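Here are the chains, one letter per residue:
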Amino acid sequence: MDKAALRRTLVQQRLNMADRLQRADDLQRVMRVWLVDRPDTIIGAYWPIKGEFDPLPVLHRWKEDGELLDKPLRRRIGLPVIDKVTKTMRFHAWYPGCPMEEDAYGIPKPKDTEVLTPTLLFVPCVGYGPGGYRLGYGGGFYDRTLAALTPRPYTVGLGFAPGFIEDFTPQPHDLPLDTILNDNGVVWPV
């Protein structure tokens, strides 16, 4: 399997999906329902690039919903900031309007906000396959970060249904995700 070619193909397909907005709406609904009974108060996510699903509107609503409860919860959202030395990520507090700057890859990241330790981590999927394995962009940042985090957060991959790769073969260093959600619902575990 030529993963570089597969990545390029899947990203192009995602960018050219005629129904991407409808799929994004569907995945937002799936994500909102999935989050209802989760006890987490700190969730790590990502800034969407290259046509990825944007989890931030759902998470902002989740944060606000926590504030409306009888006993308000202080829910927090973190976005990744890359550590250039270890090539891992830390998660810094994000909220709409917080100061942002671009990282070395041109991706917006929170600027000078508090470091958070998420108990739940939403991970973008270029593609995904059986067993909870994901295809990312090939930098290994999530794999290294998850291997280093103790305790390891619960991991949830987010992707669109066309990103499913039936014959995906993970590498020995690949770590499976705990759950994968797409615009049709929960696809892992089945």
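From a predicted model like this one, the values you see are computed outputs, not experimental measurements. (Residues numbered from 1 in each chain as written. Predicted model: local features only at pLDDT ≥ 70, side-chain atom pairs only at ≥ 80, totals over all residues. Heavy atoms only, no water.)

Draft legend 1. Spatial organisation of the overall build of the protein. Helix and strand counts for the protein come out as four helices and 12 strands. A globule of 190 residues ought to have a C-alpha radius of gyration of about 16 Å, and the protein, at 16 Å, matches this closely. Seen through its principal axes, the protein has C-alpha atoms that stretch 50 × 40 × 30 Å. Out of the 190 residues in the protein, the part that is buried amounts to 45%. (Helix = DSSP H or I, 4+ residues; strand = E, 2+ residues; numbered from the N terminus. Rg over C-alpha atoms; globule rule 2.2 N^0.38 Å. Buried < 20%, exposed > 50% of the residue type's maximum accessible area, 1.4 Å probe, protein only.)

Draft legend 2. How the structure looks around the UniProt feature "binding site: substrate" (unreviewed entry) in the protein. UniProt records the feature "binding site: substrate" (unreviewed entry) for Glu-52 in the present numbering. Here Glu-52 is to be found in the loop between strand E1 (42-44) and helix H3 (56-67). Here Glu-52 is in contact with Arg-14, Tyr-46, Trp-47, Pro-124, Tyr-137 and Phe-160, once residues within four sequence places are set aside. (UniProt positions renumbered as here; feature names shortened; annotations may be inferred. Contact = heavy atoms within 4.5 Å.)

Draft legend 3. How the structure looks around the packing of aromatic side chains. Applying the stated criterion across every chain yields a total of five aromatic pairs. Three or more aromatic residues joined by ring pairs form one cluster here, namely Trp-34, Phe-122 and Tyr-154. Sitting above the plane of the Tyr-154 ring, Arg-38 keeps its charged end 4.5 Å from the centroid. Positioned above the aromatic ring of Phe-141 is the side chain of Arg-144, whose terminal nitrogen or guanidinium carbon lies 5.3 Å from the ring centre. (Phe/Tyr/Trp six-rings, centres within 6.5 Å; stacked < 30°, edge-to-face > 60°. Lys NZ or Arg CZ within 6 Å of the ring centre and 35° of its normal.)

Draft legend 4. A look at the pairing of strand E7 (residues 120-124). E7 sits mainly inside the fold: five of its five residues count as buried. With burial as the criterion, each face of E7 is covered, one bearing Leu-120, Phe-122 and Pro-124 and the other bearing Leu-121 and Val-123. As defined by bridge partners, E7 adjoins strand E10 (residues 154-158) across five bridges and the pair is classed as parallel. Pairing of Leu-120 across the sheet is with Tyr-154, part of E10. (Pairing = 2+ DSSP bridges.)

Draft legend 5. Broad picture of the sheet that holds strand E11 (residues 179-182). Reading across from one edge, E6-E3-E2-E1-E7-E10-E11-E12 is the order of the eight strands in this open sheet, with mixed pairing throughout. Every other strand in the sheet has two partners, leaving strand E6 (115-116) and strand E12 (185-188) as the edge strands with one partner each. The strands touched by H3 within the sheet are E1, strand E2 (76-83), strand E3 (88-94) and E7, with E2 carrying the most contacts at an inclination of about 135°. Each of E2, E3, E7 and E10 is contacted by helix H4 (residues 141-148), which is oriented at about 85° to E3, the strand it contacts most. (Axes fitted to C-alpha atoms, helices over the stretch in contact; angles between N-to-C directions.)

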